[in-house]
Amino acid sequence: MSELTLHEVEKRFGNTEVLRDLSLTVGSGEFASFVGPSGCGKSTLLRIIAGLERATTGEIRIDGRDVGRLEPVDRGVAMVFQNYALYPHMTVRQNIAFPLHTIGLPRQEVEQKVAEAARTLRLTDRLSHKPAALSGGQRQRVAIGRAIVRDPKVFLFDEPLSNLDAALRGEMRIELAELHARLGTTMVYVTHDQVEAMTMSDRIAVLNAGRIEQVGTPTELYHHPSTRFVADFIGRPAMNMLTGQATATDNNGITVSIENQEIRVPVDPGASPPKPGSAVTLGVRPENVAPAETGLRAEVQMVEYLGGVSVIHARTPSGQRLAASLPGAVNVARHAVVGFGFDPTDTHLFTPQGMAFRRRAVAAAALPTFLPTADGDAS
Ligand SMILES: Nc1ncnc2c1ncn2[C@@H]1O[C@H](COP(=O)(O)OP(=O)(O)OP(=O)(O)O)[C@@H](O)[C@H]1O
Ligand SMILES: [Mg+2]
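The present account deals with the structure reproduced in this document. Quick caveat, the model's predicted, so the values are computed rather than measured. The numbers attached to residues start from 1 for each chain and follow its sequence in the written order. Each chain gets a letter, beginning with A, and each ligand a number, beginning with 1, in the order they are written. Totals for whole chains, interfaces and linings use all residues, but because this is a predicted model, local features are given only for residues with pLDDT of at least 70 and pairs of side-chain atoms are given and counted only at 80 or more.

1. Looking at the site of ligand 1
Applicable threshold: Nearness between a residue and a molecule or strand is assessed with a C-beta atom placed from the backbone; a distance within 6 Å qualifies. Helix numbering and strand numbering both begin at the N terminus, where a helix is a DSSP run of H or I of at least 4 residues and a strand a DSSP run of E of at least 2. Classes in brief: Ala, Val, Leu, Ile, Met, Phe, Trp, Tyr, Cys and Pro nonpolar; Asp, Glu, Lys and Arg charged; the others, Gly included, polar.
Neighbouring residues of ligand 1: Phe 13, Thr 16, Val 18, Ser 38, Gly 39, Cys 40, Gly 41, Lys 42, Ser 43, Thr 44 and His 192. If you list the elements that add at least two residues to the shell around ligand 1, you get β2 (16-26) and α1 (42-50). Per-element accounting of the shell around ligand 1 gives the leading share, 3 residues, to α1. In the shell around ligand 1, the residues fall into 3 nonpolar, 7 polar and 1 charged.

What follows is the structure, given as structure tokens:
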């Protein structure tokens, strides 16, 4: 089990700054994700950790040791790529064994490690096939097998599931999470898909243009985004962002005028709310919005029926988008003008620069708790 530390890592390609002042410690055994939009520097960061690319400045430490000048093979990390990078002319067995042959491990030990990895990844009956005869999910498991046999200190995953269809991605997320639980190895995962990051990670770092916007557990990022960018990126359907104006403030709260409605919102202790007259953005998640007689009026544009939930997409008179996510099916006509309400304590407030000065508070007691049954047996 190994700890990975990034200390003030910066990367420039010529004059282009790709990573800036990036510092983070991934704890021993932790599953950490870097998530962010295309081009924000995720692959560059992983390649720097793997040693395929040099940081312009800053340090990469594994268990306290600076590995920045070590060759990739000497760092004790294994990387799994989006495109699998398998050798097409080799069998599954040969592909998985490949890194072990290159370090000259005795044949018997190689066979044992390959058999063990194949068992873990349910590939035993595929060992003599070539990659072309495998499904996408099986190919990605071979690529993971090739990483496992090296017993790395740290696993690095670069969007390993993005070539798979939605159903298989869902299955593989669970398999990867189980693999992490079984191996207990430190894992760093990069993806542009917030669902993957949310479902598998102990902690997530949200990257925006090469900079970390916020680091936190999935629930922290969902409930307490510190910037509008994070609020927007985490959670689907995305948080509603309604622009308005601060009309009155005091130590306990702020009154915000949105579409000519006054909404009184408490602010975080210690936060300095903007002066009356300044622009603010009020964020509220679609799952916290419900039909209300006295709420904001908006015209229904369409209803997305997803089975378990329905998402109503509407527009306010001034053209702001408003979505509400409700359980089951809903009975509302297109173009109907209806009222949408929400509890002010469920809202977030952002400055025009995108900084949060009110983050929704959520009581731990509100989380449902499942208790194990007496004999711990699910059957
Ligand atoms: N070798 C290079 N030379 C010049 N610029 C590069 C090089 N490699 C990456 N970049 C630039 O660095 C930025 C970050 O690229 P990177 O591949 O790390 O993004 P990413 O977050 O992985 O994106 P995606 O989600 O599309 O995979 C991009 O603007 C890219 O064009
Ligand atoms: Mg990438």
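2. Re the sheet that holds strand β11 (residues 240-249)
Condition: By the convention used here, strands pair only if DSSP detects at least 2 bridges between them. What counts as an axis is a line fitted to C-alpha atoms, over the stretch in contact for a helix, and the angles between N-to-C directions run from 0 to 180 degrees.
One open sheet holds the 6 strands; their spatial order is β13-β12-β11-β14-β19-β20, and the pairing between them is antiparallel. In the strand order of this sheet, the two ends are held by β13 (261-266) and β20 (356-358), each with one partner. On average, adjacent strands in this sheet sit at an angle of 40° to one another, irrespective of strand direction.

3. Focus: the nonpolar core
Operational definition: The term nonpolar core refers to a set of buried Ala, Val, Leu, Ile, Met, Phe, Trp, Tyr and Cys residues connected through C-beta atoms within 7 Å. The burial criterion counts other C-beta atoms lying within 10 Å of a residue's C-beta, which is placed from the backbone; the residue is buried at 20 or more, exposed at 12 or fewer, and partly exposed between these limits. By convention here, the domain bounds are inherited from an automatic or database domain assignment. Working definition of a contact: two residues with C-beta atoms, positioned from the backbone, lying within 7 Å.
Among the nonpolar cores identified, the biggest contains 87 residues, and Ile 49, Ile 96, Leu 156, Val 188 and Val 206 are the most heavily contacted of them. Here the element with the most residues in this core is helix α4 (residues 136-148); it accounts for 5 residues. Shared between two domains, this core holds at least three residues of each, these being domain 1 (4-232) and domain 2 (239-364). When residues no more than four places from it in sequence are discounted, the contact partners of Ile 49 are Ile 60, Val 77, Leu 156 and Val 188.

4. Re the pairing of strand β9 (residues 203-208)
Judged from the 4 bridges that link them, strand β3 (residues 31-35) and β9 form a sheet pairing that is parallel. Paired with Val 35 across the bridge in β9 is Val 206. Hairpin connection, β9 to strand β10 (residues 211-216): the antiparallel pair is bridged by 2 residues, and Ala 209 has positive phi, about 50°.

5. As for helix α5 (residues 166-183)
The criterion, for reference: One less than the number of residues in a helix, times 1.5 Å, gives the span that helix is expected to have. The directions considered for the arc run from the helix axis to the C-beta atoms.
Its 18 residues give α5 an end-to-end C-alpha distance of 26 Å, which sits within 8% of 26 Å, the value for a rise of 1.5 Å per residue. Within α5, burial applies to Met 172, Leu 176 and His 180. Seen end-on, α5 carries its buried residues on one side only, within an arc spanning 80°. In α5, the exposed positions angled more than 90 degrees off the buried face are occupied by Ala 167, Glu 171, Ile 174, Glu 178, Ala 181 and Arg 182. Structurally, α5 contributes buried residues whose contacts are with β3, α4, β8 (186-191) and α6 (194-200). Of the residues trailing α5, Gly 184 is marked for its positive phi of about 70°.

6. Description of the sheet that holds strand β17 (residues 321-327)
If you walk across this open sheet you meet the 4 strands as β17-β16-β15-β18, and the pairing is antiparallel. For this open sheet the edge positions go to β17 and β18 (337-341), each flanked by a neighbour on one side alone. Taken over all neighbouring pairs, the strand axes of this sheet differ in orientation by 55° on average, direction set aside. In the sheet, strand β15 (residues 290-305) pairs with strand β16 (residues 309-315) via 6 bridges, with the strands oriented antiparallel. Opposite Glu 299, over in β16, you have Arg 315 as the bridge partner.

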